[in-house]
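# Topology and contacts: notes
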Amino acid sequence: MNIQPIRNKDDLNRAFARVEALWDAEAGSAEADELEVLSVLIERYEDEHYPIGPSDPIEAIRFHMEQQGLTQRDLERFIGPSGRVSEVLNRRRRLSLRMIRNLHKGLNIPYETLLEEKTA
(Lines give C-alpha, C1' and ligand atoms only; values in the text may rest on other atoms or scores of the structure.)
Protein backbone atom coordinates (compact mmCIF):
# COMPACT_ATOMS: atom_id res chain seq x y z
CA MET A 1 0.00 0.00 0.00
CA ASN A 2 1.55 3.24 -1.18
CA ILE A 3 -0.82 5.97 0.04
CA GLN A 4 0.09 9.62 -0.43
CA PRO A 5 -1.76 12.84 0.33
CA ILE A 6 -3.99 14.26 -2.38
CA ARG A 7 -2.71 17.77 -3.08
CA ASN A 8 -3.95 18.53 -6.59
CA LYS A 9 -6.16 17.33 -9.45
CA ASP A 10 -3.52 14.94 -10.79
CA ASP A 11 -3.25 13.28 -7.37
CA LEU A 12 -7.04 13.12 -7.23
CA ASN A 13 -7.27 11.46 -10.64
CA ARG A 14 -4.65 8.88 -9.64
CA ALA A 15 -6.58 8.18 -6.45
CA PHE A 16 -9.81 7.70 -8.42
CA ALA A 17 -8.07 5.32 -10.81
CA ARG A 18 -6.72 3.29 -7.89
CA VAL A 19 -10.15 3.22 -6.21
CA GLU A 20 -11.62 1.86 -9.43
CA ALA A 21 -8.97 -0.87 -9.53
CA LEU A 22 -9.65 -1.78 -5.89
CA TRP A 23 -13.45 -1.55 -6.07
CA ASP A 24 -14.14 -5.29 -5.75
CA ALA A 25 -11.52 -5.93 -3.07
CA GLU A 26 -12.38 -8.69 -0.62
CA ALA A 27 -13.49 -7.40 2.79
CA GLY A 28 -10.72 -7.53 5.36
CA SER A 29 -7.95 -7.64 2.75
CA ALA A 30 -5.08 -5.17 2.44
CA GLU A 31 -6.71 -3.94 -0.79
CA ALA A 32 -9.98 -3.25 1.02
CA ASP A 33 -8.05 -1.29 3.66
CA GLU A 34 -6.34 0.72 0.94
CA LEU A 35 -9.71 1.40 -0.69
CA GLU A 36 -11.10 2.70 2.61
CA VAL A 37 -8.11 4.99 3.23
CA LEU A 38 -8.23 6.35 -0.32
CA SER A 39 -11.95 7.03 0.05
CA VAL A 40 -11.30 9.11 3.15
CA LEU A 41 -8.54 11.06 1.43
CA ILE A 42 -10.69 11.73 -1.63
CA GLU A 43 -13.61 12.85 0.52
CA ARG A 44 -11.39 15.24 2.47
CA TYR A 45 -9.88 16.72 -0.69
CA GLU A 46 -13.30 17.19 -2.29
CA ASP A 47 -14.75 18.75 0.87
CA GLU A 48 -11.92 21.29 0.92
CA HIS A 49 -11.78 22.06 -2.81
CA TYR A 50 -15.37 21.49 -3.97
CA PRO A 51 -17.58 22.40 -1.03
CA ILE A 52 -21.30 21.98 -1.42
CA GLY A 53 -23.18 24.91 0.02
CA PRO A 54 -26.33 24.61 2.04
CA SER A 55 -29.52 23.65 0.27
CA ASP A 56 -31.98 26.29 -0.77
CA PRO A 57 -35.22 25.95 1.28
CA ILE A 58 -37.54 26.59 -1.67
CA GLU A 59 -35.68 24.13 -3.87
CA ALA A 60 -35.86 21.58 -1.06
CA ILE A 61 -39.63 22.06 -0.82
CA ARG A 62 -39.99 21.74 -4.60
CA PHE A 63 -37.83 18.60 -4.56
CA HIS A 64 -40.02 17.00 -1.90
CA MET A 65 -43.13 18.00 -3.82
CA GLU A 66 -41.80 16.30 -6.94
CA GLN A 67 -40.63 13.19 -5.09
CA GLN A 68 -43.96 12.76 -3.31
CA GLY A 69 -46.19 13.85 -6.19
CA LEU A 70 -47.51 16.84 -4.23
CA THR A 71 -49.20 19.92 -5.64
CA GLN A 72 -49.23 23.45 -4.27
CA ARG A 73 -52.66 22.68 -2.86
CA ASP A 74 -51.11 19.83 -0.80
CA LEU A 75 -48.79 22.36 0.83
CA GLU A 76 -51.66 24.41 2.23
CA ARG A 77 -51.78 22.26 5.38
CA PHE A 78 -48.12 23.10 6.05
CA ILE A 79 -47.89 26.72 4.84
CA GLY A 80 -51.39 28.17 4.81
CA PRO A 81 -53.86 29.38 2.16
CA SER A 82 -53.06 28.90 -1.53
CA GLY A 83 -52.00 32.53 -1.95
CA ARG A 84 -49.45 32.15 0.81
CA VAL A 85 -48.12 28.91 -0.71
CA SER A 86 -47.68 30.70 -4.02
CA GLU A 87 -45.90 33.64 -2.36
CA VAL A 88 -43.49 31.29 -0.58
CA LEU A 89 -42.73 29.21 -3.67
CA ASN A 90 -42.19 32.39 -5.72
CA ARG A 91 -39.93 33.83 -3.00
CA ARG A 92 -42.18 36.78 -2.23
CA ARG A 93 -42.77 35.62 1.34
CA ARG A 94 -40.27 34.13 3.76
CA LEU A 95 -40.98 30.96 5.66
CA SER A 96 -42.26 31.58 9.18
CA LEU A 97 -41.21 29.43 12.11
CA ARG A 98 -44.65 27.81 12.08
CA MET A 99 -44.28 26.94 8.38
CA ILE A 100 -40.78 25.57 8.97
CA ARG A 101 -42.00 23.41 11.85
CA ASN A 102 -44.94 22.11 9.78
CA LEU A 103 -42.80 21.37 6.72
CA HIS A 104 -40.23 19.58 8.85
CA LYS A 105 -42.86 17.41 10.54
CA GLY A 106 -44.99 16.84 7.45
CA LEU A 107 -42.40 16.44 4.71
CA ASN A 108 -39.32 15.51 6.77
CA ILE A 109 -37.28 18.38 5.39
CA PRO A 110 -34.36 19.04 7.78
CA TYR A 111 -34.64 22.20 9.87
CA GLU A 112 -31.15 23.23 8.74
CA THR A 113 -32.32 23.31 5.13
CA LEU A 114 -35.49 25.25 5.85
CA LEU A 115 -33.68 27.82 7.97
CA GLU A 116 -31.14 28.74 5.28
CA GLU A 117 -31.64 32.24 3.94
CA LYS A 118 -31.19 32.30 0.20
CA THR A 119 -32.49 34.81 -2.26
CA ALA A 120 -33.55 34.29 -5.85
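Refer to the structure presented above.
Residues numbered from 1 in each chain as written. Predicted model: local features only at pLDDT ≥ 70, side-chain atom pairs only at ≥ 80, totals over all residues. Heavy atoms only, no water.

The next thing to look at is the packing of aromatic side chains. Given two aromatic rings, their pairing is described by the distance between the two centres and the angle made by the two planes. Under the defined criterion, the tally for this structure stands at one aromatic pair. Pairing Tyr45 with Tyr50 gives two aromatic rings, centres 6.4 Å apart and planes at 65°, and the pair type is edge-to-face. Residue classification places Tyr45 among the buried positions, given a relative accessible area of 7%. For Tyr50, a relative accessible area of 41% gives the class partly exposed. (Phe/Tyr/Trp six-rings, centres within 6.5 Å; stacked < 30°, edge-to-face > 60°. Buried < 20%, exposed > 50% of the residue type's maximum accessible area, 1.4 Å probe, protein only.)

With that out of the way, let us pick up the nonpolar core. In terms of nonpolar packing, the biggest core is built from 18 residues, with Ile61, Leu75, Ile79, Leu95 and Leu103 touching the most fellow members. Looking at this core, the elements that each hand over two or more residues are α3 (57-68), α4 (76-79), α5 (82-89) and α6 (97-107). If sequence neighbours within four positions are ignored, Leu103 has contacts with Ile61, Leu75, Phe78, Ile79, Leu95, Asn108, Ile109 and Leu114. One finds Leu12, Val19, Leu38 and Tyr45 within the second-largest nonpolar core, a separate group that totals nine residues. (Core = buried A, V, L, I, M, F, W, Y, C linked by side-chain atoms within 4.5 Å. Helix = DSSP H or I, 4+ residues; strand = E, 2+ residues; numbered from the N terminus. Contact = heavy atoms within 4.5 Å.)

Okay, α5 next. Regarding α5, the residues found buried are Val85, Val88 and Leu89. The buried residues of α5 occupy an angular sector of 90° when projected down its axis, which confines them to one face. Buried residues in α5 make contact with α3, α4 and α6. Note on α5: the residue one or two positions beyond its end, Arg91, has a positive phi of about 65°. (Arc of directions from axis to C-beta.)

Turning to the environment of Arg92, a few remarks are in order. Inspection of the secondary structure assignment puts Arg92 in the loop between α5 and α6. Once residues lying within four places of it in the same chain are set aside, the contact partners of Arg92 are Ser86 and Glu87.

The next point concerns helix α2 (residues 30-49). Three or four residues apart is the spacing at which side chains of an α-helix point the same way, because the helix has 3.6 residues per turn. For α2, which comprises 20 residues, the first-to-last C-alpha distance of 29 Å matches the rise-based estimate of 28 Å (1.5 Å per residue) to within 8%. Taken residue by residue, α2 has Ala32, Glu34, Leu35, Leu38, Ile42 and Tyr45 as its buried positions. Looking straight down α2, one finds its buried side chains confined to an arc of 150°; they lie on one side. Relative to its buried face, α2 has exposed residues pointing more than 90 degrees away, namely Glu36, Val40, Arg44, Asp47 and Glu48. Against α1 (9-22) lie the buried residues of α2. (Expected span 1.5 Å × (residues − 1).)

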